[in-house]
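Coordinate inspection notes
Spelled out, the chains give:
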Amino acid sequence: RLLLEWQQTIKMSETSDPSSADSAVRAPNQDIKTRKVVTCFVMDEQRDLVLVLKRSDKVGSYRGRWAGVSGTLEESDPSLLHAAFREIQEETKLFQSTSSSLTGEIRFARRGEIFTVFDEKRNTNWQVHPHLFYITHPSVSVEIDWEHSEFQWVKPCRLFQLDRNQETVPGLGKAFASVYWCPKSLKESVDWIEQDRAHGATQLGHYFLREILHNQVLSSEESCLSLMTWSEFIRMIKSLTWAIMKARPSMKPVFAGVGCDYLCRLGQILGFDPDGLLQIDYAKQALQASIDKTTQSLDSLCQHGSNLIMSRIRSFQSSQSQAFRIISISRSSTIEA
C-alpha cells in the first residue's frame, strides 16, 4: 500500500499541479456522488498561526465543526487554484492582488496530495484538494460570511487537537498535514538543496534523511508530531519529498528512492494502523535504518573512487608518464571522493 501511495507522489512531481492527478482516485460506485472540494489553509507564517472557521447552523453539513476555508469546485472555475482564491475571498474577504498597484493580502504557497472522504450519511465521496496560503502582512482583517459563526487564529498543534477530538470536519488534520511543514526551518533547507551545486544526488539524499527528517522533523521541540496520526505524518513526508524532487528534477530518482525506502521501513517495523497516533521512537528507528543505508552507499562510493584513482596513479608512475588527467562526469560527489 505504501508503494502504491508513493507512486502517486512520483506522479505528482511530474506535473505542475499535484492536485491534478485525479486518476489516482478510485472511481466510485455509480450510486455514490463525488464532489471536488478545495480546502484552503490560511497561515500567518511569522507567528505560526493557522485560520480555522466554525461552520454555522445555516450550512447543510457539519454544523458547529471547525474547518478551513472550503468549497466545491464550480463549472465556472478554470482551475482548482482559481476556486481556492474565490472561496477565500467569499468566506474571509481576503484578496489576491490582480493589479500591480495592490499588494494583496494572501499569497499561494503550495498544494497537497488529494484524498477522498466518504460521507455515508450523504452517500458522497468528498474529493479533497488541500491548498496552503500565507497572509502578506499581520494586520489583515478577516470578515466571515454566513457559512461560519466564528473564526480563530490557532497554533498548528491546536488544529490537530481539534481533529483528534472530532471537533472538525472529517479529514481536516489529514489535509493540513499534506501542506504544513514543521518546523518552519524546513523551507530554508529545501531552498538550500535547490541552490546547492557542490554536492551530488547521493549526498543530498543523505542530507535529506539526516539533516531534514532526523535533525529537524523528528527532533524539533516545536513539532506537532505527538498529535499526528501515522497517515498525517506520511503525508507530510511525501509533501516534503515532492517539493525537493520539484526543486531538483534531475535528481528525482534519488530523492524518490530514499523517501520510498523510509516509508517501506516504517511498514516493516510496524504494520501500523494509519489512523493511530504516530509513535516517534518507531519513526526514528526506521529513519536511522535508512540513514545507515545511505551512509554505507556514500562510504562505498568514496572507497571505490579512491581505489580507482590510486590504481591509475600507480599505473602512470610505473610507465614514467609526466602527467595524466582525470575526467569525471560529476564535479561534486566524484571529486570529493
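Residues numbered from 1 in each chain as written. Predicted model: local features only at pLDDT ≥ 70, side-chain atom pairs only at ≥ 80, totals over all residues. Heavy atoms only, no water.

1. With respect to the overall build of the protein
A count of helices and strands for the protein gives 10 helices and eight strands. Counting across all 337 residues of the protein, residues that qualify as buried make up 47%. Excluding contacts between residues fewer than 6 apart, the proportion of contacts in the protein whose partners are at least 24 apart in sequence is 74%. For the protein, the exposed area adds up to about 17,200 Å²; of that, 48% sits on carbon and sulfur atoms. (Helix = DSSP H or I, 4+ residues; strand = E, 2+ residues; numbered from the N terminus. Buried < 20%, exposed > 50% of the residue type's maximum accessible area, 1.4 Å probe, protein only. Contact = heavy atoms within 4.5 Å. Areas by Shrake-Rupley, 256 points an atom, 1.4 Å probe, with all protein chains shown as cover.)

2. Brief notes about the layout of surface pockets
Its boundaries defined by the atoms lining it, the second largest pocket holds a volume of some 590 Å³. Counting residues per element, the ones that place at least two in the lining of the second largest pocket are β1 (33–44), β4 (69–72), α2 (80–92), β7 (124–135) and α4 (172–177). Within the lining of the second largest pocket, the residues separate by chemical class into 11 nonpolar, nine polar and nine charged. (1 Å grid on protein atoms, 1.4 Å probe; cavity = no way out; pocket = protein on both sides within 12 Å on 5 of 7 lines; lining within 4 Å. Points joined across faces, edges and corners; volume = space filled by probe spheres on them. Nonpolar A, V, L, I, M, F, W, Y, C, P; charged D, E, K, R; others polar.)

3. Focus on the confidence of the model for the protein
With 82% of its residues at a pLDDT of 70 or more, the protein shows a mean pLDDT of 84. Across the protein, the element-wise mean pLDDT spans from 50 in helix α10 (residues 333–336) up to 98 in strand β3 (residues 66–67). Confidence over residues 13–28 falls short of pLDDT 50; this stretch has 34 contacts with residues more than four positions distant or in other chains. (pLDDT = per-residue confidence, 0-100.)

4. Topic: helix α7 (residues 230–247)
With 18 residues, α7 extends 26 Å from end C-alpha to end C-alpha; this agrees with the ideal 26 Å at 1.5 Å per step. Most of α7 is tucked away: 17 of the 18 residues are buried. (Expected span 1.5 Å × (residues − 1).)

5. What about the packing of aromatic side chains?
Any pair of aromatic rings gets described here by the distance separating the centres and the angle formed by the planes. In this structure the tally under the stated criterion is seven aromatic pairs. An angle of 55° between the planes, with centres 5.0 Å apart, marks the rings of Phe 41 and Phe 176 as tilted. One end of the pair, Phe 41, is in strand β1; the other, Phe 176, is in helix α4, with 135 residues separating them in the sequence. Here Phe 41 and Phe 176 have matching classes, each one buried. Their ring planes at 15° and their centres at 4.8 Å tell us that Phe 176 and Tyr 180 sit as a pair that is stacked. One aromatic cluster is present, formed by Phe 41, Phe 160, Phe 176 and Tyr 180 through successive ring pairs. Directly above the aromatic system of Trp 181 lies the positively charged group of Arg 110, at a separation of 3.7 Å from the ring centroid. Positioned above the aromatic ring of Tyr 62 is the side chain of Arg 122, whose terminal nitrogen or guanidinium carbon lies 5.1 Å from the ring centre. (Phe/Tyr/Trp six-rings, centres within 6.5 Å; stacked < 30°, edge-to-face > 60°. Lys NZ or Arg CZ within 6 Å of the ring centre and 35° of its normal.)

6. What to know about the state of the cysteines
Taken as a whole and judged by the stated rule, the model has one disulfide. What pairs with Cys 157 in a disulfide is Cys 224, and their sulfur atoms sit 2.3 Å apart. Between Cys 157 and Cys 224, the disulfide has an S-S torsion of -105° and is therefore left-handed. Of the two residues, Cys 157 is situated in helix α3 (residues 156–164) and Cys 224 in the loop between α6 (201–217) and α7; the sequence distance between them amounts to 67 residues. Overall, the relative accessible area of 26% leaves Cys 157 in the partly exposed class. (Disulfide = S-S within 2.5 Å.)

7. Details of unusual backbone geometry
Residue Tyr 62 is not a glycine yet carries a positive backbone phi of 55°. Structurally, the position occupied by Tyr 62 is in the loop between β2 (49–55) and β3. For Tyr 62, a relative accessible area of 19% gives the class buried. Although it is not a glycine, Asn 123 sits at a positive phi angle of roughly 50°. Summarising the element assignment, Asn 123 is placed in the loop between β6 (115–119) and β7.

8. Notes on the environment of His 304
Positionally, His 304 belongs in helix α9 (residues 280–318). Residue classification places His 304 among the exposed positions, given a relative accessible area of 55%. Among the polar contacts made by the side chain of His 304, one reaches the main-chain carbonyl oxygen of Ser 300 at a distance of 2.8 Å. (Polar contact = N/O pair within 3.5 Å; in protein donor to acceptor, adjacent residues only side chain to side chain.)

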